[in-house]
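# Descriptive structure summary
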Amino acid sequence: MRRLEAVGFRAWPAASVVYDGSWQVRLTPGHPSKRLNCIVPLDPSDHRDMDRRLDKAAAKFAAEGCRLLVRETPLAPVPMLEHLDRIGWRVCETVDVLTADLVGMELPDTLDYLPSHDVNRFVEASLSIGAEDPTHRDGLCQILSGIRPNSGFFIKQDRNLGSVATLLCVQDNDLAGIMSFAVAESARRAGIGTEILTAALRWARISGARTAWLQVVSDNLPALALYEKFGFRRAYQYRYWRSAKEGSGA
């Protein structure tokens, strides 16, 4: 789990990462991604001075126009979670982290797509299919340009509809992360998701990855059904907490 957390941080890099004790404070004002704008506690024993530290982080986030979230993984201190509940924080989203064995995976016989390494082209495709808000263009470019491990941008084009699917695959040694996977609403239920996911997983395996991983919101049943067909299984869950008071750490 610790290794999956580490590769996840590298695959989706925040603009600013600082530490308050063992709490990782991730902040990216140019993009609203929860993974890029949250506190991530990394030591179950680090729960001292919680009010002061939460207030300090909330003030920093508010100064950048962002709302503070706490990302709860199995590494989060139980006293911290109990404290958040007492002061009115609530869980706002639950995410499954899934993994699959790439070595033994039987991939469907579909068309292959060669990955692009053109950040701007991938961003434009994401904007065109509605996977990204146009106001987040610069922030998304910054995130994608900051990825250091080997990565490939997969884009599915339709002659009449233009870009209909996107997927980012980040290969970090023997682990391959599936990110930014989106299919245009007009092109769903036509096998395009299966096609582009297969292409990315095949590329990752050829490149040396042995295990694939991804993160998906726990109530996204269509996505979970697709991933289950490929052999993905839940490794662990994490949750986001937020305060009922806008912009406050208490």
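Look up a bit, the structure's there.
Residues numbered from 1 in each chain as written. Predicted model: local features only at pLDDT ≥ 70, side-chain atom pairs only at ≥ 80, totals over all residues. Heavy atoms only, no water.

## Overview of the nonpolar core
Nonpolar side chains in soluble globular proteins tend to be buried together. Within the largest apolar cluster, 34 residues are counted, with the highest numbers of intra-cluster contacts made by Leu-4, Trp-12, Val-123, Leu-144, Leu-168, Met-179 and Trp-213. Of all the elements, helix 4 (residues 119-128) adds the most residues to this core, at five residues. Setting aside chain neighbours within four positions, we find Leu-168 in contact with Trp-12, Phe-122, Leu-144, Ile-147, Ser-151, Gly-152, Phe-153, Gly-177, Ile-178, Met-179 and Ser-180. By size, the runner-up hydrophobic cluster in this structure holds 33 residues, among which are Cys-169, Ala-187, Val-216 and Ala-223. (Core = buried A, V, L, I, M, F, W, Y, C linked by side-chain atoms within 4.5 Å. Buried < 20%, exposed > 50% of the residue type's maximum accessible area, 1.4 Å probe, protein only. Helix = DSSP H or I, 4+ residues; strand = E, 2+ residues; numbered from the N terminus. Contact = heavy atoms within 4.5 Å.)

## Concerning the environment of Ala-57
Inspection of the secondary structure assignment puts Ala-57 in helix 2 (residues 50-63). With 31 residues separating them along the chain, Ala-57 and Arg-26 place their C-alpha atoms 10.0 Å apart.

## Remarks on the environment of Arg-188
With respect to the helices, strands and loops of the structure, Arg-188 is situated in the loop between strand 8 (175-183) and helix 6 (192-206). Using a relative accessible area of 46% as the deciding quantity, one classes Arg-188 as partly exposed. In this structure the C-alpha to C-alpha distance between Arg-188 and Val-164, which are 24 residues apart in sequence, comes to 8.9 Å.

## Section: the layout of surface pockets
Reported here for the largest pocket is a volume of approximately 1,400 Å³. Around the largest pocket, the lining comprises 43 residues; the ones closest to its centre are Phe-181, Ala-182, Asn-220, Ala-223 and Tyr-227. Only strand 5 (89-101), strand 8, helix 6, strand 9 (211-217), helix 7 (221-229) and strand 10 (233-243) provide two or more residues apiece to the lining of the largest pocket. The class makeup of the residues in the lining of the largest pocket is 23 nonpolar, twelve polar and eight charged. Taken together, Thr-28, Pro-29, His-31, Pro-32, Lys-34, Asn-37, Gly-65, Cys-66, Arg-67, Leu-69, Cys-92 and Arg-242 form the lining of the second largest pocket. Each residue belonging to the lining of the second largest pocket can be placed in one class, and the counts come to five nonpolar, four polar and three charged. (1 Å grid on protein atoms, 1.4 Å probe; cavity = no way out; pocket = protein on both sides within 12 Å on 5 of 7 lines; lining within 4 Å. Points joined across faces, edges and corners; volume = space filled by probe spheres on them. Nonpolar A, V, L, I, M, F, W, Y, C, P; charged D, E, K, R; others polar.)

## Notes on the packing of aromatic side chains
Going through the model one piece at a time under the given rule, you end up with five aromatic pairs. Taking 5.8 Å as the distance between ring centres and 70° as the angle between the ring planes, the aromatic pair formed by Phe-154 and Trp-203 counts as edge-to-face. Of this pair, Phe-154 sits in strand 6 (residues 150-158) while Trp-203 sits in helix 6, and the two are 49 residues apart along the sequence. Sitting over the ring of Trp-23, Arg-53 keeps its end group 3.8 Å from the ring centre. One cation-aromatic arrangement involves Arg-71 over Tyr-238; the distance from NZ or CZ to the ring centre is 3.8 Å. (Phe/Tyr/Trp six-rings, centres within 6.5 Å; stacked < 30°, edge-to-face > 60°. Lys NZ or Arg CZ within 6 Å of the ring centre and 35° of its normal.)

## Brief notes about the state of the cysteines
Linking two cysteines covalently via their sulfur atoms produces the bond known as a disulfide. Within the structure shown, the criterion is met by zero disulfides. Lacking any disulfide linkage, Cys-66 is separated from the closest cysteine sulfur, that of Cys-38, by 11 Å. Its relative accessible area of 15% is what places Cys-66 among the buried residues. Between Cys-169, a cysteine without a disulfide, and Cys-141, which holds the nearest cysteine sulfur, the sulfur-to-sulfur distance is 20 Å. (Disulfide = S-S within 2.5 Å.)

## Examining the side chain of Gln-171
If you trace the backbone, Gln-171 turns up in strand 7 (residues 162-172). Residue Gln-171 is classed as buried on the basis of its relative accessible area, which comes to 9%. At 2.9 Å, the side chain of Gln-171 and the backbone oxygen of Ser-207 are in polar contact. Once you skip the residues sitting within four places of it in the chain, Gln-171 turns out to touch Pro-149, Asn-150, Ala-176, Ser-207, Gly-208 and Ala-209. (Polar contact = N/O pair within 3.5 Å; in protein donor to acceptor, adjacent residues only side chain to side chain.)

## Overview of the environment of Pro-134
Note that Pro-134 resides in the loop between helix 4 and helix 5 (137-145). Separated by 115 residues in sequence, Pro-134 and Tyr-19 have C-alpha atoms that sit 31 Å apart.

## Notes on the packing of helix 2 against helix 3 (residues 78-86)
Where helix 2 meets helix 3, the closest approach of the two axes is 11 Å, and the angle between their N-to-C directions is 70°. Between helix 2 and helix 3, the interaxial angle falls into the category roughly perpendicular. For the pair helix 2 and helix 3, contact is made by Met-50, Asp-51 and Leu-54 and by Pro-79, Met-80, His-83 and Leu-84, respectively. A breakdown of the residues in the contact of helix 2 with helix 3 according to their chemical character gives five nonpolar, one polar and one charged. (Axes fitted to C-alpha atoms, helices over the stretch in contact; angles between N-to-C directions. Parallel < 35°, antiparallel > 145°, perpendicular 65-115°, else oblique.)

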